Structure formats: structure tokens, C-alpha cells
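Structural description and commentary
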Amino acid sequence: MTSTSPVPAAPDLAEGRRLLHEMLRLRRFEERCVELYSAARIRGFMHLYIGEEAVAVGAMASLRADDAAVTTYREHGHALAKGLSARSIMAEMFGRVEGCSRGHGGSMHLFDAERRFYGGNAIVAGGLPLAVGLALGDKLRGLDRVTACYFGEGAMAEGAFHESMNLAALWSLPVVFLCENNLYAMGTALTRSESQTDLALKAAAYEVTSWAVDGMDVLACRAASRRAVDIARAGGGPCFVEYRTYRFRAHSMYDPELYRSKEEVERWKQRDPIDALDRRLTEAGYLADGERAQMETEIAGEIDDAVAYAEEGTQEPVEDLTRYVLRRASS
Amino acid sequence: MTAPAPGPTTTTFRQAYREALRDALRRDELAFLMGEDVGMYGGCFGVSTGLLEEFGPERVRDTPLSEAGFVGAGIGAALNGMHPIVEVMTVNFSLLALDQIMNNAASMLHMSGGQFNVPLVIRMTTGAGRQLAAQHSHSLEGWFGHIPGIRVLAPGTLEDARGMLWTALQDPDPVLIFENGRLYGTEGELAPDAGPVEIDHAAVRRAGTDLTLITYGGSLPRALEAAELLLADGISAEVVDLRTLRPLDTTTILASVSRTHRAVVVDEAWRTGSLSAEVSARIMEGAFYELDAPVARVCGAEVPIPYAQHLEQAALPQPEDIALAARELVQDHG
Ligand SMILES: Cc1ncc(C[n+]2csc(CCOP(=O)(O)OP(=O)(O)O)c2C)c(N)n1
Ligand SMILES: [Mg+2]
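Note that the coordinates shown come from a computational prediction; the quantities given were computed from them, not determined experimentally. (Residues numbered from 1 in each chain as written. Chains lettered and ligands numbered in written order. Predicted model: local features only at pLDDT ≥ 70, side-chain atom pairs only at ≥ 80, totals over all residues. Heavy atoms only, no water.)

1. Digging into helix 11 (residues 291–311) of chain A
Because the α-helix completes a turn every 3.6 residues, residues three or four places apart line up on one side. All names here are of chain A. Under the 1.5 Å per step criterion, the end-to-end length of helix 11 is 30 Å for 21 residues, consistent within 8% with the ideal 30 Å. For helix 11, the set of buried residues is Met295, Ile299, Ile303, Ala306, Val307 and Ala310. Along the long axis of helix 11, the arc covered by the buried residues comes to 100°, so they all point the same way. (Helix = DSSP H or I, 4+ residues; strand = E, 2+ residues; numbered from the N terminus. Expected span 1.5 Å × (residues − 1). Buried < 20%, exposed > 50% of the residue type's maximum accessible area, 1.4 Å probe, protein only. Arc of directions from axis to C-beta.)

2. Points about the interface of chain A and chain B
In this complex, chain A contributes 41 residues to the contact, which on the side of chain B involves 35 residues. Buried surface at the junction of chain A and chain B, both sides included, amounts to about 3,000 Å², of which 65% is carbon and sulfur. Interface area lost by chain A to chain B is led by Ile123, Met186 and Leu321 of chain A, which between them contribute 20%. Taken together, chain A and chain B are joined by one salt bridge. Our count for the chain A to chain B interface comes out at twelve residue pairs in polar contact (both at pLDDT 80 or more). In the side of chain A that touches chain B, the residues fall into 20 nonpolar, 15 polar and six charged. (Contact = heavy atoms within 4.5 Å. Buried area = accessible area lost by both parts, 1.4 Å probe. Salt bridge = Lys/Arg side-chain N within 4 Å of Asp/Glu carboxyl O. Polar contact = N/O pair within 3.5 Å; in protein donor to acceptor, adjacent residues only side chain to side chain. Nonpolar A, V, L, I, M, F, W, Y, C, P; charged D, E, K, R; others polar.)

3. Thoughts on the coordination of the magnesium ion (ligand 2)
Residue and element names in this part refer to chain A. Surrounding the magnesium ion (ligand 2) are the protein donor atoms Glu153 (OE), Glu153 (OE), Asn182 (OD1) and Tyr184 (O), at 2.1 to 2.8 Å. Coordination at the magnesium ion (ligand 2) is irregular: its six donor atoms span angles of 50 to 175° at the metal. Site description for the magnesium ion (ligand 2): donor spacing in sequence, E-x28-N-x1-Y. Within this pair, whereas Glu153 is found in the loop between strand 3 (147–152) and helix 6 (159–170), its partner Tyr184 is found in strand 5 (residues 184–185), the two being separated by 31 residues in sequence. (Donors = N, O, S within 2.8 Å, 3.2 Å for Na, K, Ca; no water. Tetrahedral: all angles 85-135°; square planar, octahedral: opposite > 155°, others 65-115°.)

4. Some thoughts on the pattern of salt bridges
In a structure, side chains of opposite charge can pair up when their charged atoms sit close to one another. All names here are of chain A. Across all of its chains, the model carries 47 salt bridges over all chains by this definition. A salt bridge links Glu15 to Arg222; its shortest N-O distance comes to 1.8 Å. Of this pair, Glu15 sits in helix 1 (residues 10–38) while Arg222 sits in helix 8 (residues 218–233); the two residues are 207 residues apart in sequence, bridging distant segments of the chain. Its relative accessible area of 23% is what places Glu15 among the partly exposed residues. Here Arg222 falls in the buried class, since its relative accessible area comes to 2%.

5. Regarding the sheet that holds strand 3 of chain A
Residue and element names in this part refer to chain A. Ordered by their spatial adjacency, six strands build an open sheet running 2-1-3-4-8-7, and the pairing between neighbours is parallel. In this open sheet, the two edge strands, each paired with only one partner strand, are strand 2 (117–121) and strand 7 (209–214). For this sheet, the mean angle separating the axes of adjacent strands, direction not counted, is 15°. In this structure, strand 7 lies alongside strand 8 (residues 239–244), joined through six bridges in parallel fashion. (Pairing = 2+ DSSP bridges. Axes fitted to C-alpha atoms, helices over the stretch in contact; angles between N-to-C directions.)

6. Overview of the UniProt feature "domain: Transketolase-like pyrimidine-binding" (unreviewed entry) in chain B
The UniProt feature table records "domain: Transketolase-like pyrimidine-binding" (unreviewed entry) at residues 11–186 of chain B. Secondary structure across residues 11–186 of chain B comprises 38% helix and 19% strand; the distance between its end C-alpha atoms is 8 Å. (UniProt positions renumbered as here; feature names shortened; annotations may be inferred.)

7. Points about the site of ligand 1
Taken together, 21 residues lie near ligand 1, and Tyr73, Arg74, Ala122 and Asn182 of chain A together with Glu67 of chain B sit nearest. Site remark: ligand 1 is flanked by residues from chains A and B. A distance of 3.5 Å separates a nitrogen atom of ligand 1 from a polar atom in the side chain of Glu36 of chain B. The side chain of Glu67 of chain B places a nitrogen or oxygen atom 2.6 Å from a nitrogen atom of ligand 1. (Near = heavy atom within 4 Å.)

8. Notes on helix 8 of chain A
Residues and elements named next belong to chain A. Between the first and last C-alpha of helix 8 there are 22 Å, a value that for 16 residues agrees with the 22 Å anticipated at 1.5 Å per step. By the burial criterion, the buried members of helix 8 are Val218, Leu219, Ala220, Cys221, Arg222, Ala224, Ser225, Ala228, Val229 and Ala232. Here helix 8 starts with a cap whose side-chain oxygen sits 3.0 Å from the backbone nitrogen of Leu219, and that cap is Asp217. Looking one or two residues beyond helix 8, the residue adopting positive phi is Gly235, at roughly 90°.

9. Describing the confidence of the model for chain B
The predicted model of chain B has a mean per-residue pLDDT of 97, with 99% of residues at 70 or higher. Predicted complex metrics record ipTM = 0.95 and pTM = 0.96. (pLDDT = per-residue confidence, 0-100.)

10. Quick word on the environment of Asp200 of chain B
Residues and elements named next belong to chain B. Its place among the elements puts Asp200 in the loop between strand 8 (187–190) and strand 9 (203–206). Looking at Asp200, the relative accessible area reads 43%, which means it is partly exposed. Remark: the alpha-carbon pair of Asp200 and Leu242, spanning 42 residues in sequence, is separated by 9.7 Å. Not counting chain neighbours up to four residues away, the residues in contact with Asp200 comprise Arg151, Thr244 and Asp249. Here Arg151 takes part through its side chain, which lies 3.2 Å from a polar atom of the side chain of Asp200.

Listed below in C-alpha cells is the structure:
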């Protein structure tokens, strides 16, 4: 399988400003998270999406509000792109009851029923069977909704990946598998974890429509996701898209990064999806002088507000510790 | 004249576990370590840092994310004469391999009419307290303690962190070692000649006369702290460290309770259908007439572990909770 990055049409460039704003929003939000983590306002495991923003932003742009998303522990970006507020995510990471999961989940477990955001799953490949089931539900109910399932390339070594691909294809379900291939699963490079490193080829073995795309190019990501979502929604069964991307930061906040060179990271940073789009829009005359600065100001304001909201948030009373274990309270 | 023996050195649980692995890989050429990110990454909690450089990629083997696959492969290699040490990052992920552990490793010897034993060691992290929420924080060692055909160890001291692995490797049967994640960074003194320890008995970590606190692993330091708190109230608590959760050393438990006549079982795992229930039942079965009070339990709250710090701490047995339960036992049943 080869990478297909169709040349974007003019209307795509026109929408480019919104995509740039959205990617910047994800980036700045997480940069603030790093500061807050250092200040011990955010705790636990925290995984950053910095460098991979084009994937979530490009992909979510093709979803309808009533489509579902299932993601991993590296999901701040997906949550923001799906419409969860910066406030509710930040409050969650502060462990506040105002957080999108009432402070029960933290960074790895963001949820939002209203926006059909089904988490934040921190068991690698644990979200894939859920996505299959969500899509099965839509199909059985005759709804034309799609489920977008995001996961890292490392998940493809798990049994749950293979079982899910087979079920989705066998039952021709409206699910889109979005594989974020950032080349590493913690410290394990793709070549050290997969016998077949052409991931789309692997997925295609299940009779799932599969292809790869440049994950550093948000317009290409958007085009690929749109194609996949259209196929799934039209009853064409599941699709698999491999987004070739890279995480610029450590796996989590505790990673000594012994497994890759600084040069490699620097090389990929040259392909920063935000800079790339900014250049393209500027060259094509779609980004006026001062527009980027205005975006930055707006975003900084939104994040300041989110942090203030989280700071002022309240704690779930300890008496309610076991309140949400079962919907029907047991004695 | 002989040189004075070198004194104890300050070390952490993490280092003690690492020394145990290094020692095993040096002394036993059939031993090898396998698991996710044990090599190039240096171990997800830094336990195996440096071992890849020393022993090479064949013996410090990084695996893909395939818990069922590589745990099962460890069983196969053990059947074929190797001494695998398989690392699963945390107990929550071991559920992906539970089928292999239970349906193969634990059942093989009996199912094959005594032909195939499985000399395998599986290590994994357990426990809460680091705000890792509901998919990284549980204490399921008691579940594994339910299964005949395996041995379950839970080091709560540096000596055991350093010494249990070698003895486990000599065992002809599958042994699971549960390393409490909170303890990795805990520092203490360890004798320079610390080595293998026996894995058949519980240990009295502190002698006392008024009641027995029975615990293991990550709750051991908390029970010892509670014993200090109780001393201030004039209550003398004995602390028993189970060490081996299966098979349970009932003799040591009953002997202690027969001396103190009261028992509090402390376990951060859930209470219902648990190891703490098993310990309590054994006391009732074996020392009922020695008891001056019903056996009490201090366990983790029955909730998937929450992220928010105040909720997580409230879900776990704290020294104050243990001391409170102990005080009630002594005062209400003096
Ligand atoms: C079943 C399971 N095994 C191990 C882990 C520990 N772990 C968390 S993330 C990760 C790497 C996953 O890599 P990948 O799927 O490529 O996603 P990425 O982190 O690169 O986004 C590992 C090994 C886990 N969370 N779940
Ligand atoms: Mg990856």
C-alpha cells in the first residue's frame, strides 16, 4: 500500500484557517498542561499529543456531532477536537467534580456522553471492541452514525485488534479505525514490534478497506478521514487509515527516552503540522498578517479561563466515593 | 586478621528487584527476562534499567504489546526447559493473559497427569496510590491466590524484594511475584550479602501482645506505622507479613492470633470475596476459641480506583484507619 495524499482543493485551504486554529488550540493546551504537571496541579500518568495534532483535528473535522469517538490515554487532543470544553478537560485533570469525568478519570479517562466521546481507554487496544459494539448498535438500530476509533500502532500487536477487525468486516459495521502510527509504542519501535510494518496491508487482510496517509499534513488527514467516514456511513463497511505521524514529546512524563535519538526527533519537528499549514496558508494568501497572532491571543485566553475554572473547581465529597459504582445503588 | 564485614547499604525496592534479576541472569544461563519495554526503554518503572546492556537482547527480550502471546510463550519456553522470567507491566494488563496463566500454566501439571510442570516466574506491578486511576491501580493478587497450581508472592521488605526471585526460579511450578508500585522508590538498608530467601512462611515483622495486624506488600509499611500509633495509646500490636499469598502459611497466622487473641486483616484489595476473607475464615476455623473479638478487616473501598487524590486516598487503608479498627477491637472487647 502506498501513501495517498491528494492535492487539496481550494475549499480545503479556505477551511485551513479553522484547522490551524484548532491545531494550535490543542498544542497550547498541552503546553500549559506540562507547566501544570511540573507544578503538581496535574498528577498521575499524562501522555501528550504534541506533534500528532493533524490527525485528530483532520479526522474529527469529517465527523458529525452525533458520530461516536473512542480513543486512548493520549486523548486530550481528540477530546478538544470532539467539542469537549477546555474547561471540562482541565478540571478533570485537576481532579475536580466539574471535570468531564467528575475527577474520577484524570488525563487518561476523559468521557462525555453528550458528545458521544466514549473515553479515554488506557488498556492498549481496549477501545477497539467497544467501537465495534457501538457501530453494531447503530447498524441494528438503523442509524446512519459512524464510530471513529483511534489507537496507536502498538495496539496492532494485541489480540483485541485482530478480533475487532475481523468482527467489523464480517458484520460490515460503520466503524473507522484510525491508527496513529507515531513509530513507537513506549520505547518499542515499530520495526521491533511488527513482523509486517506495512500496517494498511495487515488491516487489508481482514477485508477492511485500508490505506495510509501523511499524518503531518492536516489537509491530507482530513481528506482521508472524510473518505473513510463516507464509506462507512454509506454502508461500505469498516475502513482502516494509517496516519504516519510522530510524537515530539516523551511517551509520558516519566520517560527517559533512551530509545530514540535527539536528531530523529529534530528531523520530525521540521515537519511540524502546525508550521506546515501556516506556511501553506500564508503562501496561498489565506492567512493575513496578524491573523496567527490573533489566534494565539484567543487561545491563550481560552486556556487561562480553563485553568482558572479548574483552580476554582470543587472536590467530589468523600461520602460519594462509591456512588457511581452501579447505576442502581446497592445497599 | 579479616577485614570487617561491609555494613548495610542504602537501596530502594527498585534496585533490590534489579539486583535480583541481575543475579538470576548471571547465575542461571537458562533464565531470561521477557516483557514490554524491559530492554531498550529500561523497564516501565525503571526496574530493568541497564540489564539489556549487560545481557543482550536474547536474554532481555523486548516484546510487542501482546500479553496473552508472550505470557503463553513463557509457559511454552518453561515447558521446554527454559527458566523464563516474564514481566507484565501492571496487574490490570495481566488480565489479558489471565487465560494463559490459569488455563495453561496453573492447570498443566494436573491436566497432563503429572507429566508437564511449568517452571515459570511472572512479575508484575500491583497497587494504587499514584493517581493512575481505574485501569492501572488494582490489587488483584488475591484473585490469583484463588487459583490452585500457582504460587503467589508479595514482597513487602527489601530483603524479600532482593531474595524472592531466585527461590521462585528454583521452584518447579509457576510463581507470580507482585511488586507494589508505591514501594519502588522506598529506601532502606540492605545487607551487602543479602540473597535468596525462603518463600514458604509468613514472618512476624513486629512482636506484640494485644492484637495481630495481618497484611503483606504495600500495606506492610502502613500496618507498621499503625502499630507505632497504637503504641502511643498503650496498645501493643504484632504485625504479621504474609509474604506468600498462596499457599497461605496458616500456622504462623494461627500462632500469632493464639498469642494476641485479636486480629485485624489489612489489604488494599477489595473486601468481598477476597484474600482478607480467606485469612479471616482460616482464623475462625483454626483459632475460634482463642479469639477475644471477631476478626476485623480494613480493606480498599469497593470502587474502581478514582483519579482524584482525596478520593483515591479515601479508597485505601491508611495507618489511621488501621489504628482505629485496632483500637475498637481492643476497647470494645477488652
Ligand atoms: C494492555 C496494555 N499493555 C501495556 C500497557 C502500557 N502501555 C501504555 S501505552 C503503551 C504504548 C502504546 O503504544 P501505541 O499503541 O503505539 O500508542 P502511543 O502511545 O504511541 O500513542 C504501553 C506499552 C497498557 N496501557 N495496556
Ligand atoms: Mg505509537
